[in-house]
Amino acid sequence: MRILVVGSGGREHALVWKIAQSKLVDKIFCAPGNGGTALQAENIDIRADDIAGLVRFGRREKIDLTVVGPEVPLTLGIADEFEKCRLPVFGPNKAAAAMEGSKVFSKELMRTYGVPTADFKVFGEAGAACAYIEKAGAPCVVKADGLAAGKGVIVAKTVDEAKAAVRQIMEGRVFGPAGDRVIVEECLTGQEASILVLTDSKDVIPLATSQDHKRIFDNDEGPNTGGMGAYSPAPVVTPALFDEIMKKIVYRTIDGLVKEGITYRGILYAGVMLTKDGPKTLEFNARFGDPETEAILPRMTSDIVEAMLAAASGNLGKFAQAGGLAWQTRPCVCVVCAAEGYPGEYKKGLPVSGLDAAGAMQDVMIFHAGTKKKDAGVVTGGGRVLCVSALGAAIRDARDKAYQAVGKIHFEGMQYRTDIAAKAL
Ligand code: AMP
Ligand code: GLY
């Protein structure tokens with residue numbers, strides 16, 4: 001089979017790496033890819049949001065399955081366009097991807113179908129939102145409705161901070177039309193977990209649990225990032241909690257979508273806060289998490305392409321009957337190496353050394369996030385540069401090995417958190 005992976009981050013390198021292990025696969029393309037995907041796939045110079053260009057490529061190259069990594073093409077309707085051309089695609093269609101593309105849509109769906117989530121109100125106008133914030137008080141959370149590259153959520157400690165966020169979003173239009181509506185919601189506290197499931201709307205197969213680290217600095221300090229590390233499984237999700245999350249969050253949501261006439265095929269990612277009143281949904285994503293994927297996929301022992309083909313064709317039930325997804329028990333820890341200055345401004349084009357030595361370690365996987373191939377070597381090309389993943393007998397072993405591997409890697413100004421997975425020890 002010929003597979004096309006769309007995207008260019010650490011998640012896409014992990015997908016390419018896992019897809020390359022499938023016995024069904026002869027050739028992988030990655031659009032646009034990075035310095036790491038180039039090791040197992042042929043990088044194609046088409047942007048992830050150039051849907052017409054990707055469809056043309058898919059038709060010309062007779063692609064048997066297209067796997068979409070990032071949210072932007074999904075919310076733009078890439079799956080719909082591929083399906084129109086009878087090209088199999090892994091990822092939800094535009095209506096289903098609204099679970100991530102519109103927070104108002106997903107929150108209202110949760111309210112309608114009794115999915116536990118923070119109490120909220122929707123506003124189409126800044127004055128009304130600010131008046132409500134004054135009445136409700138702080139802390140509270142302000143969210144732009146649409147996609148904002150992970151920056152659209154402000155957890156405000158004071159009323160002034162919340163009102164400033166509303167004004168920036170609705171009057172300053174910092175996220176453009178994504179800020180036409182805002183949500184003001186109750187601030188939840190607790191540990192977070194990422195629950196990813198594979199679904200075709202008829203059947204649901206959960207992936208291994210995981211936990212992300214969103215803040216840039218140790219002890220969850222500093223600004224939010226795309227994610228500075230992850231580990232799988234997340235022991236905080238006990239079997240009883242897992243069952244509750246599946247029943248009250250995952251099944252209710254997928255059934256709710258079906259009742260709304262929406263078929264969801266692909267990965268549904270629930271960001272869950274484990275509050276003292278039980279698990280509550282923070283958000284849904286319509287795709288694999290990044291960097292969760294870099295901690296989850298090294299543990300998967302099944303052929304991921306079989307699973308994706310089953311979900312894409314609506315035959316997940318058969319796949320489940322044949323055994324479904326299998327996992328090794330060993331945990332995986334992934335540490336992100338980022339550029340100096342990230343998540344703000346940062347330099348690009350800095351030479352990266354030590355990748356071969358780190359990658360040669362047993363049970364260590366180096367997933368490139370923001371790199372480019374240059375001459376014989378690799379240079380930085382993004383804020384999150386590398387994800388260093390390691391499997392170990394216990395979380396502690398996996399963590400120690402990941403940090404040993406990180407110790408072999410160098411580029412000017414490299415920063416990483418030193419407390420990834422500490423919460424799980
Ligand atoms: P989201 O993009 O919705 O996942 O939000 C990003 C981060 O903001 C989450 O991972 C949480 O840490 C935080 N967050 C979102 N909603 C809430 C909430 N209602 N209460 C507290 N923190 C939240
Ligand atoms: N790790 C958070 C996300 O993928 O959205």
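Provided above is the structure to which this section pertains.
Residues numbered from 1 in each chain as written. Chains lettered and ligands numbered in written order. Predicted model: local features only at pLDDT ≥ 70, side-chain atom pairs only at ≥ 80, totals over all residues. Heavy atoms only, no water.

A.B. asks: Sorry, what's going on with the site of ligand 2 here?
C.D. replies: In the vicinity of ligand 2, the residues found are D212, G226, Y269, N285, R287, G289, D290 and E292. Here a nitrogen atom of ligand 2 sits 2.8 Å away from a polar atom, N or O, in the side chain of D212. Here R287 contributes a side-chain N or O atom positioned 2.8 Å from an oxygen atom of ligand 2. Expressed as a share of its isolated accessible area of 200 Å², the protein-covered part of ligand 2 is 90%. (Near = heavy atom within 4 Å. Polar contact = N/O pair within 3.5 Å; in protein donor to acceptor, adjacent residues only side chain to side chain. Areas by Shrake-Rupley, 256 points an atom, 1.4 Å probe, with all protein chains shown as cover.)

A.B. asks: Would you mind going over the packing of helix α8 (residues 126-136) against helix α9 (residues 159-170) with me for this structure?
C.D. replies: What describes two packed helices is the angle between their axes and the distance between those same axes. One can describe the packing of α8 onto α9 by two numbers: an axis separation of 10 Å at closest approach and a directional angle of 170°. Here α9 runs roughly antiparallel to α8, going by the angle between their axes. Taken as a pair, α8 and α9 cross one another with a handedness that is right-handed. Seen from α8, the contacting residues are A126, A129, C130, I133 and E134; seen from α9, they are V159, A162, K163, V166, R167 and M170. Here the contact of α8 with α9 is composed, by residue class, of 8 nonpolar, no polar and 3 charged. (Axes fitted to C-alpha atoms, helices over the stretch in contact; angles between N-to-C directions. Helix = DSSP H or I, 4+ residues; strand = E, 2+ residues; numbered from the N terminus. Parallel < 35°, antiparallel > 145°, perpendicular 65-115°, else oblique. Left-handed = near helix turned anticlockwise from the far one by under 90°. Contact = heavy atoms within 4.5 Å. Nonpolar A, V, L, I, M, F, W, Y, C, P; charged D, E, K, R; others polar.)

A.B. asks: How do you make sense of helix α7 (residues 103-112) when you look at a structure like this?
C.D. replies: Since one α-helical turn is 3.6 residues long, residues separated by three or four positions face the same way. Residues of α7 that are buried: K103, V104, S106, K107, L109 and M110. One or two positions beyond α7, positive phi appears at G114, with a value near 70°. (Buried < 20%, exposed > 50% of the residue type's maximum accessible area, 1.4 Å probe, protein only.)

A.B. asks: Got a minute to help me understand unusual backbone geometry in this structure?
C.D. replies: Most peptide bonds are trans, and most residues other than glycine sit at a negative phi. A cis geometry characterises the amide bond from A138 onward to P139, with omega recorded as -5°. Considering the arrangement of structural elements, one finds P139 in the loop between α8 and β7 (140-144). Even without a glycine there, the phi angle at R173 is positive, about 55°. Locating R173 in the fold gives a position in the loop between α9 and β9 (182-186). Backbone geometry at N219 places phi at a positive 60°, although glycine is not the residue there. Assignment of secondary structure puts N219 in the loop between β13 (215-217) and β14 (221-224).

A.B. asks: For this particular structure, what's the right way to read the side chain of S102?
C.D. replies: Tracing the chain through its elements places S102 in the loop between α6 (94-101) and α7. A distance of 3.0 Å separates a polar side-chain atom of S102 from the backbone nitrogen of F105. Here D145 takes part through its side chain, which lies 2.8 Å from a polar atom of the side chain of S102. Ignoring sequence-local partners within four residues, the contact set of S102 consists of D145 and R181.

A.B. asks: What exactly am I supposed to notice about the site of ligand 1 here?
C.D. replies: The full set close to ligand 1 counts 15 residues, and E185, E186, L188, E192 and E283 are the nearest of them. At a separation of 2.8 Å, a nitrogen atom of ligand 1 approaches a polar backbone atom of L188. Here ligand 1 loses 90% of its free accessible area of 470 Å² to cover by the protein chains. Looking at the shell around ligand 1, the elements with two or more residues in it are β7, β8 (153-156), β9 and β17 (278-285). Grouping the amino acids of the shell around ligand 1 by side-chain chemistry returns 8 nonpolar, no polar and 7 charged.

Just distances and angles here, no functional claims.
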